[in-house]
Amino acid sequence: MCGIVGVWGGNLSNLKAANLSLIHRGPDDGGIYKDNKLNIGLGHRRLSIIDTSSFGHQPMFSSDGKIVLVFNGEIYNYKELRSDLKRKGFIFQGESDTEILLNLYLSEGKEMLSKLNGIFAFAILDTNSESLFIARDALGVKPLYYSTKDSIFSFASEIKALLKLTPNNKELDAESINRYLSFLWCPGDGTPLKSIKK
């Protein structure tokens, strides 16, 4: 289990506190990336399982530093993907499945999703195109919450990290709470808070 967090717009100074709120998800390592020009920040907490070396540290960067990735999850077919990417000329520094995702994005762009077998939530910042690509596994095994309140886009593995980034997100969503109490889960994208979706 790891944790990811990010914010585009707004005040980046709360990113460190948001990232630290996820330390229980990743006690082994942590990192933060900020781009003041784009006004975006990404954070990661790491539980080291595959490749416990520093080569698995996140946020992870492409060799030219233009692509930045934070990832929570496990890619089951990462060894096969690694072999395919090596045949295409990609070079790897470590053994992590995170590095596979980074290079797969460089090779396939958003089409990479069709090649992934696993449970995941990740965000890839492409500073070349000034775009942020966020994805989650189809079943939502790895959590991903987001908010678009006040022209600020933020996301995290847990709601409490989002509340560090946008503390005014506390208006309750009675319908989602009712669904949770009725079904013991909340279908759709609702959460107990109106401005936070999953």
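Model, not experiment: these values are computed from the prediction. Throughout this document, residue positions are counted from 1 along each chain, in the order its sequence is written. Two thresholds apply to this predicted model, a pLDDT of at least 70 for residue-level local features and 80 or more for giving and counting side-chain atom pairs, whereas whole-chain, interface and lining totals are computed over all residues. The basis for every side-chain value is the complete set of non-hydrogen atoms in the structure, without hydrogens or water.

(A) Region of interest: the sheet that holds strand β5 (residues 67–75). At least two DSSP bridges between two strands are needed for those strands to be called paired. Each helix corresponds to a stretch of at least 4 residues labelled H or I by DSSP, and each strand to a stretch of at least 2 residues labelled E; elements are numbered beginning at the N terminus. With antiparallel pairing, the four strands of this open sheet are ordered in space as β4-β5-β6-β7. Both edges of this open sheet fall to β4 (60–61) and β7 (131–136), since each of them pairs with a single strand only. Taken together, the nine bridges between β5 and strand β6 (residues 118–126) define a ladder with antiparallel strand orientation. Each residue of the ladder has a partner; that of isoleucine 67, found in β6, is aspartate 126. Helix-sheet contacts for helix α3 (residues 97–108) involve β4, β5, β6 and β7, and the interaxial angle to β5 is about 125 degrees. Here, two residues are considered to be in contact whenever any of their heavy atoms come within 4.5 Å of each other. The axes are straight lines fitted to the C-alpha atoms, using for helices just the contacting stretch, and the angles between their N-to-C directions are given from 0 to 180°.

(B) View of the pairing of strand β9 (residues 153–156). Examined bridge by bridge, strand β1 (residues 3–8) and β9 share four bridges and lie antiparallel to one another. Bridge assignment links valine 5 to a residue of β9, and that residue is alanine 156. Sheet topology note: the strand β8 (residues 145–147)/β9 ladder contains three bridges and is antiparallel. Bridging from a neighbouring strand, tyrosine 145 pairs with alanine 156 of β9. If you look at the hairpin formed by β8 and β9, you'll find five residues sitting between the two strands, and aspartate 150 has a positive phi there, around 55 degrees.

(C) Quick peek at the nonpolar core. By nonpolar core is meant a set of buried Ala, Val, Leu, Ile, Met, Phe, Trp, Tyr and Cys residues that side-chain atoms within 4.5 Å join together. Exposure categories follow from relative accessible area, calculated using a 1.4 Å probe and restricted to protein chains: below 20% of the type maximum is buried, above 50% is exposed, and the middle band is partly exposed. Counting 21 residues, the largest nonpolar core has Ile75, Leu101, Met112, Leu116, Phe122 and Ile124 as the members making the most contacts within it. Contributing elements (two or more residues each) for this core: β5, α2 (78–87), α3, β6 and β7. Looking at this core, the element that brings in the most residues is α3, giving five residues. Residues in contact with phenylalanine 122, not counting those within four places in the same chain, are Ile4, Leu69, Val70, Phe71, Leu101, Met112, Leu113, Leu116, Phe133, Ile134 and Ala135. Counting residues in hydrophobic clusters, the runner-up holds 13 residues, among them Leu12, Ala18, Leu22 and Ala156.

(D) Representation of the sheet that holds strand β3 (residues 40–46) within the structure. The strand order across the open sheet formed by six strands is β2-β3-β1-β9-β8-β10, and the pairing between neighbours is antiparallel. The sheet is open, and its two edges are formed by β2 (29–35) and β10 (196–197), each paired on a single side. Examined bridge by bridge, β1 and β3 share six bridges and lie antiparallel to one another. Bridge pairing in β3 links valine 5 to glycine 43.

(E) Looking closely at the environment of leucine 69. Position of leucine 69 relative to the elements: it lies in strand β5. The sequence separation of leucine 69 and serine 131 amounts to 62 residues, and the corresponding C-alpha distance is 12 Å. In this structure, leucine 69 is in contact with Gln58, Pro59, Met60, Thr98, Leu101, Leu102, Phe122, Ala123 and Ile124, ignoring residues within four places of it in sequence.

These figures come from the coordinates and say nothing about function on their own.
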